[in-house]
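# Notes for the structure review
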Amino acid sequence: MHWQIEILLLVILVVAALTALQLKNLLAAVVTLNIFSFMSAALMVSMGAIDVAFTEAVVGAGAVGIFNILAIFRTTRRTLD
Amino acid sequence: MREASTSPIIQVAIRGLMPVIQLVGLYVFFHGHYSPGGGFQGGVLLAVSVMLGRLALGLEMSQVVFRSGIAVGLSAVGVMIYAATGLAALLGGGEFLNYGFLPIPGLDPPALRNLGILLIEAGVTVGVMMALIAIYDEIVESRTESSVLATFE
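Calculation rules
- Residues numbered from 1 in each chain as written.
- Chains lettered and ligands numbered in written order.
- Predicted model: local features only at pLDDT ≥ 70, side-chain atom pairs only at ≥ 80, totals over all residues.
- Heavy atoms only, no water.
- Helix = DSSP H or I, 4+ residues; strand = E, 2+ residues; numbered from the N terminus.
- Buried < 20%, exposed > 50% of the residue type's maximum accessible area, 1.4 Å probe, protein only.
- Contact = heavy atoms within 4.5 Å.
- Buried area = accessible area lost by both parts, 1.4 Å probe.
- Salt bridge = Lys/Arg side-chain N within 4 Å of Asp/Glu carboxyl O.
- Nonpolar A, V, L, I, M, F, W, Y, C, P; charged D, E, K, R; others polar.
- Expected span 1.5 Å × (residues − 1).
- Polar contact = N/O pair within 3.5 Å; in protein donor to acceptor, adjacent residues only side chain to side chain.

### Here we look at the side chain of B:S62
All names here are of chain B.
- Relative to the assigned elements, S62 resides in helix α2 (residues 39–65).
- Here S62 falls in the buried class, since its relative accessible area comes to 3%.
- With near-sequence residues (within four places) excluded, S62 lies in contact with G53 and R54.

Encoded structure:
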């Protein structure tokens, strides 16, 4: 039962990463990147590295998200290309 | 950002979330010995609570929570706590950061190690929290877009 959960987490991880690359709305891309970060934290929990997972969840899904939102406020909401 | 958010949902949610995040941050800091967590994660959590307040409540209201402009100095204080603990162990006769030699009378080495870890983690917590808030304040307040662009030209 364990490896099925890991494969599900990996699939969500890859889909979130590809979605973040494709999105034109930058705020939605930031939220998708936070999903990516949280899924990698969950994968680290499943591999037994609780402390690394804690750091990844706090920094990747918390602080980096706020700094990305701050960067979007200084530019435009949608990509120009 | 500079002005408060106009949505009441965001206002109420952030005002409710901020003390909870701060409480979890303090829990993570104080239980760093026994469970996953420690100074870095607790400091990031405390900084995130302050930064969420800055985002949602606006620059003026968030000054009540944490005044901007003192963060850089306090991050230096965190580094000083770390270095002072290490140097105190050096003065007590041991190596740098060897907590068993801290010059505090009346405590045996295991209690001294416990206290030393706590002091180190307090320094790391204050340093990380204040450094992140200082980066945020620097991005928001310091320069306008034109002067940022001017520095690249």
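Now, onward.
### Regarding the interface of chain A and chain B
- Residue-level contacts link 13 residues of chain A with 21 residues of chain B.
- In total, about 1,600 Å² of surface goes out of reach between chain A and chain B, with carbon and sulfur atoms giving 79% of it.
- Summed over the three residues of chain A that lose the most area to chain B, namely A:I66, A:L70 and A:R74, the buried surface amounts to 41% of that side.
- Seen at the junction of chain A and chain B, the total is 0 salt bridges.
- Split into classes, the residues belonging to the side of chain A that touches chain B amount to 9 nonpolar, 2 polar and 2 charged.

### Description of the environment of B:G92
All names here are of chain B.
- Considering the arrangement of structural elements, one finds G92 in the loop between α3 (71–91) and α4 (109–141).
- As a C-alpha pair, G92 and I104 span 12 residues in sequence and 8.7 Å in three-dimensional space.
- Leaving out residues up to four positions away in the same chain, G92 has contacts with F101 and P103.

### With respect to helix α2 (residues 26–46) of chain A
Residues and elements named next belong to chain A.
- Between the first and last C-alpha of α2 there are 30 Å, a value that for 21 residues agrees with the 30 Å anticipated at 1.5 Å per step.
- Along α2, the positions that sit buried rather than exposed are A29, V30, T32, S37, M39, S40, A41 and L43.
- Buried residues in α2 make contact with α1 (2–22) and α3 (50–73).
- One side-chain oxygen of the residue at the start of α2 lies 3.2 Å from the amide nitrogen of L27, identifying that residue as N25.
- Looking one or two residues past α2, G48 carries a phi angle of roughly 95°, positive in sign.

### Things to note about the side chain of A:S40
All names here are of chain A.
- Relative to the helices and strands, S40 is located in helix α2.
- The exposure class assigned to S40 is buried, which follows from its relative accessible area of 14%.
- Within the structure, S40 has its side chain in polar contact with the backbone oxygen of S37 (distance 2.7 Å).
- If sequence neighbours within four positions are ignored, S40 has contacts with L13 and E56.

Geometry only, nothing functional implied.
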